[in-house]
Amino acid sequence: MKFAATLLLSCSALMTASNAFADAPSVVVSIKPIHSLVASVMKGVAEPKLIVEGAASPHTYNMRPSKASALQKADLIFWVGHGMEAFLEKPLEALGTKAAVVSLEDAPGLTKLKFREGGVFEPEAEEEGHDHGHSHGSEDHAAGAEDDGDHDHDGNDVHLWLDPMNAKAMVEDIEKALVQADPENATTYQANGADMMKRLDALDTELKTTLEPVKDKPFIVFHDAYQYFENRYGVKVAGSITVSPESIPGAERVKEIHQKVEELGATCVFAEPQFEPKLVKVVTEGSKARSGVLDPEAGALTEGPDLYFDLMRGLATSLKTCLSQAS
């Protein structure tokens, strides 16, 4: 009898969990960092689907039929917005008609930074007018203006998640959208959202402590994706190898960055796992600069609720490890 009662309770629990998943909305998320935030708020209810999986980059992503099908069946879609996942613009127009689409670049309370220009952040001559396949339909773009895929229509850098305070603003917007779409699970979403606020505050304090010893040491990055991280923690990016990760930098750009590395003395130059690492070797050749890897879009990390925290800690650890060894 005791065994039968235990079995009955176990079956009941499984059925309850199954019903929760069945009744929850179908949620699709564009990229890993945002997927992690959404998965954290949905914990205990259901798991959101991810479009850009594995080591793929949103800058060079081509939509697969299975992902187009997921969009078509979705009730709720989260993405950063037009400036980041340009590959999603047409599919959302064509396939996401029944879904509520949440552009997190519009979340209230975000800190937004204009896309950086000037010096080693300036588009080089041979990149001017180059079409990277991110047509936004604007008059400027139609006239041949550069679209680097990293900023929105207003010229804002859209790597917004690289500041935990922006992540908090996104979590609030995610929670609100989920509660509206699925009021039956509102209590769970709200509890998860409140927990995320505490975790993100603790992460922010941790990262400040980690980066304090190296925050004044300059370094070079593969592409200019780190403004929000810099702004929050006072670290110093001295330039980027390429303005846009979709385009290979020309000889002038590489020469300019190589000179910058020499001027700075011993520093660090960081590659990204999704893109060609040979360029880092070229710009550090003959210098004392060390090399490292930064992964702002979590290409090398496993998706899930903890990914955001792993991503941010990974950036801080990679910076501290390389920069603390630089003379």
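Computed from a prediction, not measured in an experiment: that's the story for all the values here.

Draft legend 1. Structural view of helix α9 (residues 251–264). The terminal C-alpha atoms of α9, which comprises 14 residues, lie 20 Å apart, in line with the 20 Å expected from a rise of 1.5 Å per residue. All of the buried residues along α9 are R253, V254, I257, H258 and V261. Projection of α9 onto a plane perpendicular to its axis shows the buried side chains occupying an angular sector of 135 degrees, all on one side. Those residues of α9 that are exposed and angled more than 90 degrees off the buried face are A251, E252 and E263. Against the buried residues of α9 lie β5 (218–223), β6 (236–242), β7 (268–271) and α10 (278–284).

Draft legend 2. Structural view of the side chain of K168. The residue K168 is located in helix α6 (residues 164–181) in this model. For K168, the contacting residues outside a window of four places in its chain are M197, L200 and D201.

Draft legend 3. The pairing of β5, seen in detail. In terms of burial, β5 is largely enclosed, as 5 of its 6 residues are buried. Here β5 runs beside β6; their pairing, made up of 5 bridges, is parallel. Note that in β6 the partner of F219 across the bridge is V237. A crossover links β5 with its parallel partner β6, the connecting element being helix α8 (residues 227–233), and its sense is right-handed. Examined bridge by bridge, β5 and β7 share 3 bridges and lie parallel to one another. By the bridge assignment for β7, I220 is matched with V269.

Draft legend 4. Seen up close, helix α2 (residues 32–41). With 10 of 10 residues buried, α2 is to be regarded as a mostly interior element. Buried within α2 we find K32, P33, I34, H35, S36, L37, V38, A39, S40 and V41. Summarising the contacts, the buried residues of α2 are in contact with β1 (27–29), β2 (49–50), β3 (76–79), α6, α7 (186–211) and α11 (307–325).

Draft legend 5. Geometry of the side chain of S40. Residue placement: S40 occurs in helix α2. A relative accessible area of 5% means that S40 is categorised as buried. For S40, the side chain forms a polar contact with the main-chain oxygen of S36, separated by 2.9 Å.

Draft legend 6. Here's a closer look at the sheet that holds β6. The sheet built from 4 strands is open, its strands ordered β6-β5-β7-β8 with parallel pairing. Here the strands that pair on one side only, and so sit at the sheet edges, are β6 and β8 (290–293). Averaged over all neighbouring strand pairs, the angle between strand axes comes to 30 degrees, with direction disregarded. On top of the sheet, α9 reaches β5, β6 and β7; it is set at about 155 degrees to β6, its chief contact.

Draft legend 7. Spotlight on the nonpolar core. Counting 75 residues, the largest nonpolar core has I34, F78, W161, L178, F219, F229 and Y308 as its most contacted members. In terms of residues, this core owes the most to one element, α11, which gives 10 residues.

Draft legend 8. How the structure looks around the environment of F309. Structurally, the position occupied by F309 is in helix α11. Along the chain, F309 and S36 lie 273 residues apart, while their C-alpha atoms are 8.8 Å from each other.

About the cut-offs
Residues numbered from 1 in each chain as written. Predicted model: local features only at pLDDT ≥ 70, side-chain atom pairs only at ≥ 80, totals over all residues. Heavy atoms only, no water. Helix = DSSP H or I, 4+ residues; strand = E, 2+ residues; numbered from the N terminus. Expected span 1.5 Å × (residues − 1). Buried < 20%, exposed > 50% of the residue type's maximum accessible area, 1.4 Å probe, protein only. Arc of directions from axis to C-beta. Contact = heavy atoms within 4.5 Å. Pairing = 2+ DSSP bridges. Right-handed = clockwise from strand over helix to strand, strands pointing away. Polar contact = N/O pair within 3.5 Å; in protein donor to acceptor, adjacent residues only side chain to side chain. Axes fitted to C-alpha atoms, helices over the stretch in contact; angles between N-to-C directions. Core = buried A, V, L, I, M, F, W, Y, C linked by side-chain atoms within 4.5 Å.

None of the figures reported here should be taken as evidence of function without further support.
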